[in-house]
Amino acid sequence: RVMFKNINLKKVAIFIITLFILLFIYLIKIYVSYEPKKLVENINYSKIVLDRNGEILSVFLNKDEEFHLKYEGDIPETLKLAVLNYEDKKFYSHSGVDYPRILKSFFNNITGGKKMGASTISMQVVKLLEPKKRTYFNKLIEIVKAYKLESEFSKEEILKIYLNNVPYGSNIVGYSAAIKMYFNKDVKDLSYAEASLLAVLPNSPGILNLKKNNDKLEEKRNRLLKTLLDKGLIDERQYKFSLLEKFPNKIYYYEKKAPQFSIFLKNKYKEKIIRSTLDYKLQKKLEKIVHDYSNTMKDTGINNAAVLVVNNKTKEVLAYVASQDFYDKKNNGEIDGLQAKRSPASLLKPFLYALSIDEGLIVPDSIYPDVPIYFGNFYPKNSTGTFSGMVKMEDALIKSLNIPFVKLLSDYGIDKFYYFLENNDNYPEDRFDKYGLSLILGTREMRPVDIVKLYVGLANYGKVSNLKYTLTEDVPKEYEQFSKGASYLTLETLSKVVRPGNEKLYSEERPISWKTGTSYGLKDAWSVGVSPDYTVLVWLGNFNQKSIFSLSGVETAGNLLFKVFNIVDINSKPFSKPMEDLKEIEIDEKTGYRKMYDVESKKVLYPKNAKLLRTSPYYKKIFVDENDIEIDSRSEKFDKRKEKIVIEYPVEVSNYFFLNGVRENKKVKIAYPVENLNIFVPKDFEGYNKIAIKLYNPNNEYVYWYIDEEYMGFSNESERFFELDMGKHKLTIVTEDGAREEVKFKINKR
């Protein structure tokens, strides 16, 4: 009585009321600030890669080294019954909190009775999203947050969040992972016994031991099965069979299907469930073909292979075989051969061909030099080591001749073609000048996926876009890189490329436009095939860049290409002619350019929106006398001159024809050096430098020689050597009849 005498009950009451008000305000603040949707969005799920039909390709551990899977399908009824009857019988009737259960649990705790959990599934979800120490105060906060959770999610959503995030022992989190890894089953096939085990396991996930007796866990499971029987949720027969089911004794880990593709997508996309475009049934067939083919190639020194298949209409990647065997560590099989940069060799020629048609430089019939030519210090050769003289560009593409395409690139513009490649490469570089004209021969390395992108663009009549790897991403935006007409003319030319072996028999029955390439140094063999529906790329070589003597784009890569095409598109059709983008134009028949003079001509198809086709660089008008000898204004017979249209090829071509017994041009020309040539000599070369000067001189005419305006003699030699200093020089020759020609060049130290 004395102890309570000095206590001011009013103040105590005010203090308690204030405390409750502050607590109420605090809890309101907790309720308002709690954002369960954000927490759910940021759950640390494992990444899963699925094929286009929903089949799991690969599952990756999350940052906590767990298999924590999010399953978005329906919860199996067996699991739903087991979990609700074990964890939260009133789940569908309460609003997040079961107060009678809380009071009973509290009473048992203070009286020493049987301990029991008071948390509803909603409260457990709160705890899973934000783990806290178990205290009465934290339990109060859980109650508040459970109300907020229930206001933002449906009951089914809450149950799914719970089941996707509860631990099931080991490093397994989420019911779909547990079903697969413990029972090796699909979710829909879960039995009552298995569902009951999963229902009781999160209560004490550490109790499951795959190698020892699980008496306590079995007792819990069987008790739950009895509850289901007593409630009439299962019948006596189901109950008895469920009791006989054994516990799992091993973990079934997820198989790694299309591993390099899965790794690529895991690193590329943020989504936890990545629904890829891959067709795993097709992938599996092609993996076997590539693996078997690669094994037959190993005796030749070819250890690695890769194949990519794309649907041209949708831009979807259907098959992605990045190496012959992911587990072949000896040959670096784990490397992704479709993402690694390699020399594209001759695979770029069709794009320069199409661009040059649109630029008005050529049509398929246009002829170009295929003779030994120096382009500055660059001296390209054909892979065969032979030359054709003058060749149609159509034949140059079919035979993949280097020299005509180097000359064509010179005419088109190195910088323009380089930036075309840059615009279509996801990993552009900073400069083009380090490549020069060798760019068209594959000196600029590219990823196979970017090469395929351009071929898919050709198949879509010039509209290029990124490839599509997932079903959920938007259709890639297209941008026109070639006209429809130029694309068709290019594809038509590529359809004439001769196939290897028995495939020649099916050229008309199963038309395919295709191109091969073998890189400098024999490190890469390529083959790309295009039909209206599909594009297939094949690469063969060694990931360690080792050269292979037997490597061939036509034979080694081409044979594999048609093996793949016979699986992917056995009934390929020809490309339809886009007449809305084509027109007929008249060209001279002999050189294949826009007709200008009165010469034999023919009509060919040409893109409507292309630039005006240039006139022939080889035809020229000359004057001749009555003996058909060329004259100019210095001739006494000039007043009786007659006009004549003749073909005059470049000096390199005339020289080639002369050396091979064909005299197309009788005039003396400077064959080497060419105009503005930079001649490099070694840095340690001292004193004077002897430089070879070569003439095309079919009739062995005598000429006057001048170097830098200094007279050097009179002779009919086709080759002379001069000792020249470093720096700029000018060579001049004058024939006896007064014809003059000169070139400027420069000598540098390398």
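Note that the structure is predicted; figures quoted are calculated from it, not measured.

Participant: Whenever I open this one, empty space enclosed by the protein confuses me. Can you help?
Facilitator: Rolling a probe over the atoms, with the probe sized like a water molecule, indicates the empty space that remains. Using the criterion set out here, one finds one cavity of 30 Å³ or more in the structure. Of the volumes computed, that of the largest cavity is approximately 40 Å³. Along its surface, the largest cavity is lined by Tyr 269, Glu 271, Ile 273, Ile 274, Arg 275, Thr 470 and Thr 472.

Participant: Got a minute to help me understand the sheet that holds strand β2 (residues 56-59) in this structure?
Facilitator: Across a sheet, strands are paired by hydrogen bonds formed along the backbone, either parallel or antiparallel in direction. What the three strands build is an open sheet, ordered β2-β1-β5; its pairing is mixed. The sheet terminates laterally at β2 and β5 (273-275), the two strands that pair on one side only. The mean inter-strand angle of the sheet, taken between neighbouring strand axes irrespective of direction, is 15°. The pairing of strand β1 (residues 48-50) with β5 spans three bridges and is classified as parallel. Pairing of Leu 50 across the sheet is with Arg 275, part of β5. Across the sheet, helix α13 (residues 259-268) touches β1, β2 and β5, and the angle it forms with β2 is around 60°.

Participant: Explain the environment of Tyr 619 to me, please; I cannot follow it from the model alone.
Facilitator: Along the chain, Tyr 619 turns up in strand β17 (residues 619-624). Measuring from C-alpha to C-alpha, the distance between Tyr 619 and Lys 341 comes to 43 Å, with 278 residues separating the pair along the chain. With residues up to four places along the chain from it excluded, the contact list for Tyr 619 reads Asp 588, Lys 590, Thr 591, Tyr 597, Val 599, Ile 645, Val 646 and Ile 647.

Participant: What is the right way to read the pairing of strand β12 (residues 513-518) from this model?
Facilitator: Across a regular strand the side chains alternate sides, sitting on one face of the sheet and then on the other. Buried residues dominate β12, accounting for five of its six residues. Summarising the sheet, β12 and strand β13 (residues 524-530) pair through six bridges and their orientation is antiparallel. From the neighbouring strand, Gly 517 faces β13, where its bridge partner is Trp 526. Adjacent in sequence and paired antiparallel, β12 and β13 are bridged by five residues, among which Gly 521 carries a positive phi angle near 85°.

Participant: Is there a simple way to think about unusual backbone geometry in this case?
Facilitator: Backbone phi values are negative for most residues with the exception of glycine, while trans is the configuration of most peptide bonds. Residue Pro 673 is reached from Tyr 672 by a cis peptide bond, and omega for that bond is 5°. Here Pro 673 lies in the loop between β20 (669-672) and β21 (677-681). With a phi close to 55°, Asn 332 is a non-glycine residue in the positive phi region. Position of Asn 332 relative to the elements: it lies in the loop between β7 (317-321) and α15 (349-358). Classification of Asn 332 as partly exposed rests on a relative accessible area of 27%. With a phi angle near 55°, Leu 522 is a residue other than glycine that sits in the positive phi range. Among the structural elements, Leu 522 can be located in the loop between β12 and β13. Note on Leu 522: relative accessible area 30%, which makes it partly exposed.

Participant: Would you mind showing me how to read the pattern of salt bridges here?
Facilitator: Pairing is possible between side chains of opposite charge, provided their charged atoms come close. What the rule picks out here adds up to 38 salt bridges. Residue Glu 648 is joined to Lys 620 by a salt bridge in which the shortest nitrogen-to-oxygen separation is 3.5 Å. Residue Glu 648 is located in the loop between β19 (642-647) and α22 (651-659), and its partner Lys 620 is located in strand β17; the two are separated by 28 residues in the primary sequence. Residue Lys 620 is classed as partly exposed on the basis of its relative accessible area of 26%. The partner of Glu 643 in a salt bridge is Lys 621, with the nearest N and O atoms 3.9 Å apart. Separated by 22 residues along the polypeptide, Glu 643 in strand β19 and Lys 621 in strand β17 bring together distant segments of the chain.

What counts as what
Residues numbered from 1 in each chain as written. Predicted model: local features only at pLDDT ≥ 70, side-chain atom pairs only at ≥ 80, totals over all residues. Heavy atoms only, no water. 1 Å grid on protein atoms, 1.4 Å probe; cavity = no way out; pocket = protein on both sides within 12 Å on 5 of 7 lines; lining within 4 Å. Points joined across faces, edges and corners; volume = space filled by probe spheres on them. Pairing = 2+ DSSP bridges. Helix = DSSP H or I, 4+ residues; strand = E, 2+ residues; numbered from the N terminus. Axes fitted to C-alpha atoms, helices over the stretch in contact; angles between N-to-C directions. Contact = heavy atoms within 4.5 Å. Buried < 20%, exposed > 50% of the residue type's maximum accessible area, 1.4 Å probe, protein only. Salt bridge = Lys/Arg side-chain N within 4 Å of Asp/Glu carboxyl O.

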